[in-house]
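One letter stands for each residue in the lines below.
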Amino acid sequence: MPENETSGGIWDAAWGFFASVRLTIILLLSLAATSIVGTFIPQNKQPLEYLQAFGEFGYRLLAALDFFDMYRSWWFRLLIMLLVLNIIVCSIERLASLSKIIFVRNPSFKRSRFQKTRNRSVFDDDRQPETLKDLFLPVLQRRYRHTRLEEGADGALCLFAEKWRWTRIGVYVVHLSIVVLLLGSLVGSIFGFEGFVNIPENETVDTIFLRQSGKAYRLPFSIRCDDFDVRFYANGAPEEFRSRLTILKNGRPVLEKDILVNHPLRYQGINLFQSSYGKMAPEARPEDSELPEEVTLRITMKASGRSFTRQAAIGDQFDLPDGLGTLKVAGFQKAIQFGGQNLGPGLVLALQKTDGQTEQILLPLHFPNFDKMRGGTFFVSILGQKQRAFQPGEHAERYYTGLQVTKDPGVPIVYTGFVGMIIGFIITFFMSHQSVCVELTARQGGTHVAVAGIADRNKLGMERKTAQLAERLQAL
Amino acid sequence: MSSSHILSIVTFIYGLAAFLYIFEWVFGKQAAGRAATVVAFIGLIGNTAGIILRWIESYRMGIGHAPLSNLYESLVFFAWCIILLHLFLEWRYKKRIFGVIGTVAAVAALAYASLKPSEIQPLIPALKSNWLIAHVFTCFIGYASFAIAFGISLLYVLRHVGGPAVLKRLPSDSLMDELTHQLVMFGFLFLSAGIISGAVWANSAWGRYWGWDPKETWSLVTWFIYATLLHARFMRGWRGNRIAVLSIVGFLAVLFTYFGVNYLPGLHSYGAMGQ
Ligand code: HEM
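Values in this document were obtained by computation on a predicted structure and should not be read as measured data.

## Some details on the overall build of chain B
Within chain B one finds eight helices and zero strands. Ordered by position from N to C terminus, the α and β elements of chain B give α-α-α-α-α-α-α-α. Against the 2.2 N^0.38 benchmark of 19 Å for 275 residues, chain B shows a C-alpha radius of gyration of 19 Å, consistent with a compact globule. Projected onto its principal axes, the C-alpha positions of chain B cover 55 × 50 × 30 Å. Counting only contacts in chain B whose residues sit at least 6 apart along the sequence, the fraction spanning at least 24 positions is 78%. Just so you have it, chain B exposes about 11,000 Å², and 71% of that area is on carbon and sulfur atoms.

## Some details on the coordination of the iron atom of the ligand
The protein atoms that coordinate the iron atom of the ligand are His175(A) (NE2) and His231(B) (NE2), at distances of 1.8 to 2.0 Å. Because the angles between the six donor atoms bound to the iron atom of the ligand fall within 87 to 178°, the donor set is best described as octahedral. Taken together, the positions of His175(A) in helix α7 (residues 170–191) and His231(B) in helix α7 (residues 214–236) put the pair across two chains. Exposure remark for His175(A): the relative accessible area of 18% places this residue in the buried category.

## Things to note about the site of the ligand
Near the ligand lie 20 residues; those nearest to it are Arg94(A), Tyr172(A), His175(A), His231(B) and Met235(B). Here Tyr172(A) contributes a side-chain N or O atom positioned 3.0 Å from an oxygen atom of the ligand. Between the ligand and His231(B), the relevant distance is 2.6 Å, taken from a nitrogen atom to a side-chain nitrogen or oxygen of the residue. Taken together, the elements giving at least two residues each to the shell around the ligand come down to α2 (21–40), α4 (74–102), α7 and α8 (411–430) of chain A together with α7 of chain B. For the shell around the ligand, the residue count by class is 15 nonpolar, four polar and one charged.

## Here's the deal with the packing of aromatic side chains
Between two aromatic rings, the relevant description is the distance of the centres plus the angle of the planes. Across all of its chains, the model carries 47 aromatic pairs over all chains by this definition. Here Trp210(B) and Trp212(B) contribute two aromatic rings whose centre-to-centre distance is 5.8 Å and whose plane-to-plane angle is 90°, an arrangement assigned as edge-to-face. Judged by relative accessible area, which is 24%, Trp210(B) ranks as partly exposed. Here a set of aromatic residues connected by ring pairs shows up, and it is made of Phe425(A), Phe429(A), Phe430(A), Phe186(B), Phe188(B), Phe190(B), Trp223(B) and Phe224(B). Of note, Lys163(A) hangs over the ring of Tyr144(A), and the distance from its end group to the ring centre comes to 5.2 Å. Here the guanidinium or amino end of Arg242(B) rests over the ring plane of Trp238(B), the centre of that ring lying 4.2 Å away.

## Re the sheet that holds strand β12 (residues 307–312) of chain A
Residues and elements named next belong to chain A. Spatial ordering of the open sheet is given by β12-β11-β19, a layout of three strands whose pairing is antiparallel. For this open sheet the edge positions go to β12 and β19 (378–383), each flanked by a neighbour on one side alone. The sheet shows a mean angle of 25° between the axes of neighbouring strands, direction not considered. With six bridges joining them, strand β11 (residues 295–301) and β12 adopt antiparallel strand pairing. Bridge assignment links Thr 300 to a residue of β12, and that residue is Ser 307.

## Notes on the nonpolar core
All names here are of chain B. Core analysis: the largest hydrophobic core is formed by 136 residues, its most contacted members being Tyr 143, Ile 148 and Trp 223. When residues of this core are assigned to their parent elements, the largest contribution, 17 residues, is made by helix α6 (residues 173–206). Every residue in contact with Ile 148, bar those within four places of it in the chain, is listed here: Ile 82, Leu 85, His 86, Leu 89, Phe 98, Ile 101 and Leu 183.

## Points about a nonpolar patch on the surface
Together, Trp74(A), Leu78(A), Met81(A) and Leu85(A) line one region of the surface with nonpolar side chains, adding up to about 430 Å² of accessible area. Here Leu78(A) lies in helix α4.

## What to know about α7(A)
With 22 residues, α7(A) ought to run about 32 Å at 1.5 Å a step, and its terminal C-alpha atoms sit 31 Å apart, in line with that. For α7(A), every residue scored as buried is listed here: Gly170(A), Tyr172(A), Val174(A), His175(A), Ser177(A), Ile178(A), Val179(A), Leu181(A), Gly184(A) and Gly188(A). In this structure, the buried side of α7(A) is in contact with α4 and α8 of chain A together with α7 of chain B.

## Things to note about the interface of chain A and chain B
Contact residues are listed per partner, giving 54 residues for chain A and 53 residues for chain B. Between chain A and chain B, the buried area comes to about 4,700 Å², and carbon and sulfur atoms account for 70% of it. Contact with chain B buries surface across chain A, with Thr39(A), Asn262(A) and Phe429(A) losing the most and accounting together for 14% of the total. The interface formed by chain A and chain B includes zero salt bridges. One can count eight residue pairs in polar contact (both at pLDDT 80 or more) joining chain A with chain B. Within the residue set of the side of chain A that touches chain B, elements represented by two or more residues are α2, α4, α7, β7 (238–249), β10 (270–279), β20 (399–407), α8 and α9 (459–475) of chain A.

Parameters at a glance
- Residues numbered from 1 in each chain as written.
- Chains lettered and ligands numbered in written order.
- Predicted model: local features only at pLDDT ≥ 70, side-chain atom pairs only at ≥ 80, totals over all residues.
- Heavy atoms only, no water.
- Helix = DSSP H or I, 4+ residues; strand = E, 2+ residues; numbered from the N terminus.
- Rg over C-alpha atoms; globule rule 2.2 N^0.38 Å.
- Contact = heavy atoms within 4.5 Å.
- Areas by Shrake-Rupley, 256 points an atom, 1.4 Å probe, with all protein chains shown as cover.
- Donors = N, O, S within 2.8 Å, 3.2 Å for Na, K, Ca; no water.
- Tetrahedral: all angles 85-135°; square planar, octahedral: opposite > 155°, others 65-115°.
- Buried < 20%, exposed > 50% of the residue type's maximum accessible area, 1.4 Å probe, protein only.
- Near = heavy atom within 4 Å.
- Polar contact = N/O pair within 3.5 Å; in protein donor to acceptor, adjacent residues only side chain to side chain.
- Nonpolar A, V, L, I, M, F, W, Y, C, P; charged D, E, K, R; others polar.
- Phe/Tyr/Trp six-rings, centres within 6.5 Å; stacked < 30°, edge-to-face > 60°.
- Lys NZ or Arg CZ within 6 Å of the ring centre and 35° of its normal.
- Pairing = 2+ DSSP bridges.
- Axes fitted to C-alpha atoms, helices over the stretch in contact; angles between N-to-C directions.
- Core = buried A, V, L, I, M, F, W, Y, C linked by side-chain atoms within 4.5 Å.
- Patch = residues over 30% accessible without salt bridge, like charges linked within 9 Å, V, L, I, M, F, W, Y side chains within 5 Å.
- Salt bridge = Lys/Arg side-chain N within 4 Å of Asp/Glu carboxyl O.
- Expected span 1.5 Å × (residues − 1).
- Buried area = accessible area lost by both parts, 1.4 Å probe.

Set out below in C-alpha cells:
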C-alpha cells in the first residue's frame, strides 16, 4: 500500500538521519558553539542587569530564546536529546553486524587480506619451512590468543594468529557510558533538589529553601548546628570552616558529625555541604523587623557638604541634583548582609546613574551613616532612627552556618558513566584487534619468511609490533 | 637554593635546549641535536627537583600540600609534562622535531609562570581535596599532549601553505598526521579524566558535579572540539590539513579554558567558598 510505503519512507529517512556521523559532527560543533555563548552572557542574573547590557530589544530577543538560562533551555536539551538518539541509532546499526565479527569461536583468516597490507617484514632463513614452523608456532601462541596453521594453494605454510577481537566493542562502551551519564543527570534533575539553609549556632531547622524556585522544602529530619568555627591563616586567608551538626529524627539525635568543605555529611540520601557562614545580627529586637512606613533620607554632597532631605516610602523614586541620576527606594530587608556581617534591618536603594549604570546602596537602619563608606560623590543617611555605633565586635560573637543541601539520586549513575567512559577510552585508544600472518615459502637452500600484520585501529603501533615480531622470529 | 630559583634556572636550560634543537633543525647539525637532548634531559631533572623541593618547602612552612594548587605551580607542572612527553616521543620515534615543539612550549610556560606570584600559599578550604590533585594532574598531562599535537599540526599546515624551506625537513606528512591523531587520543583520555575528577571534586566541595560555570563549560567545549576531530577521522576519514586545523582550534580552546576564562563576565568559583 502506498500509505505504508510513505510512512516506511519517513521512518527510514529518520533512521538514516540519526544513523549518520555527519549529524554527530554537526551536533558536537553546535553544542560547542552554543555553550560558548552561555559563557559570554552571564547566566541567571536579574532582568535589570540584562536590560542595561543589551538594551530593550536585545533583552527581549535573548530572553525569548532562553539565552539567560540557556543550559536548561528547551533547545539546548533538544540538542543533547538528538545526540543521544544519534548514539543509540548508530550503535544499533553497528552492533548487529559487529556481534557477528566479535562472537566467533574459531576466527577464520583470509590470506589475501595479509597479502594486501604494506605492513610486512621479510627475511630469509636457511632452514626448512617445517623446522621453522615448529619454532615459530610457540612464539605466536604465547603472544596471541588464537593461532592456526594452513597450507596455501602455492604450497606456502601460513601461520595465522590474532588477539583482542573484543576490543572492537570499546567505542560502544564509550557511547553507552555517555548515555548512562546523561541519564543519571536526568534522574538527578527529576528526583533531586538543590537548596540552602542558614542555621544559627544552637538552633535547629527542618526546612530549607530551594535554589531554583526559592520555595521552602521540608526535610524528613531536622538539623541542629551545635557549633561553628572558622580558622584563618596568618595571611588572613581562611584555613577551615567547620560546623558541628546533629541530625535529629523525631526530636532524638541520630547522627553527629563535623562537616568541612570537601567533607560533607550524607544522611538518607540527602547531603549537607559547608557552603558559607556569617555573624548573627546584634540581638534582635521586636521593632527590628518592622518596616517603617516612611523614612526621612538625607542626601549629602561630599565635595560641597550641601545636603537636602526627603520623605520616602518603599517604591518611591526621585531625581538627584547635578545630573547624578535617579534614586529609588527599592526594598526593605530584615537582615542586610555586608562582608559576612549581618547589619540588621535596612533599606536597599537603587541609584540609576545618567550613564545607564545602576548601583546598589545599602542603608541599615541602625547604622544611619553607613553609606559614607561607599565612596561616591554623595552619601545617603537615614534620619530619626535609633543609632548604634558601627562596631562589629561589640556583641558576643554568634555565627550561623550556611549549608548547601542537596539530594541527587542520579550521582551513582553518573559516576558509573564516568568509569565506563574511561575504561572505554583505554580500550578504544590503546588496544586494537590485531592479527598477523607468517608465510613460510620454501626457497632453494632454505625458506623465505614474510610477516604481515593488520589491526583495526592504530596502524602505526601495529607496524612497530610486526617489525618486532619479525626480529624476534629471525633471532630464533 | 629555593625551588623558585631552581625553576628559573631550568627556564634557561630549556631555552638552551630549544636553541640547540632549532639549530639542528635549521642547519642540519646532528651534534647540536644530540646535545639538545642531553640539555633537555638535564632541564627535566632540574624541573623535577624544583617540584619536589617546593613540595618539601610547603611542609617546612607547616602548610604542606602537593605543588599543584595555583597558576604558577600548574605551569611548572605543565612544562614538566611537556618535556617528559617530548623526550619519550623522541626516543620512541627517533625524531628530534618534538624537541623543538616541547622546549619552546616549556620555555613559554615557565616564562609566563615567572610573571606570576610564586610564593607558596596555604590552601583555602575548597582546595583541600585529593580530587583536586587528580584533577590538575590529569588535566595538565592532557594539555601537554594537546600542546605537542598543536605544534605538529601548526608545522604541518605551515608546510602546506608554503612556509619556509626548513619545513621540508620535517617528518613525512603521514607520520605527522598519525602522530597528531595519537597525541589527540592520549590527550583526550586525560582531558576526560580531568573533567571527571573535577566534577567529582566539585560534588564533594559544593554538592553539584556540574554547574555550567565558564571554566567548566570551556573545558567541555574543548572536549567537544577534540571529539569532533576523532569522529571526523575515525568515521569520515579526514586526514591531513583538516585534522591539523581542528587540532589547532582545539588547542586554542585549551588556552582559552586556562587563561581566557578569567576575562569573561562573571567569575569562576574556583576556590571561592560559596558560589
Ligand atoms: C560526545 C558524544 C558522542 C557522540 C554523540 C558520539 C556519536 C557517535 C556516532 C553517532 C558514531 C557513529 C556510530 C557508528 O556509525 O557506528 C560514532 C562513532 C564513533 N565514535 Fe562517537 N560519539 C561521542 C563520543 C565519542 C567519544 C568521546 C569517542 C572517543 C573515544 C568516540 C569514538 C567513536 C569512534 C571510535 C567511532 C567509530 C565507531 C566505529 O568504528 O564503528 N565517540 N560516535
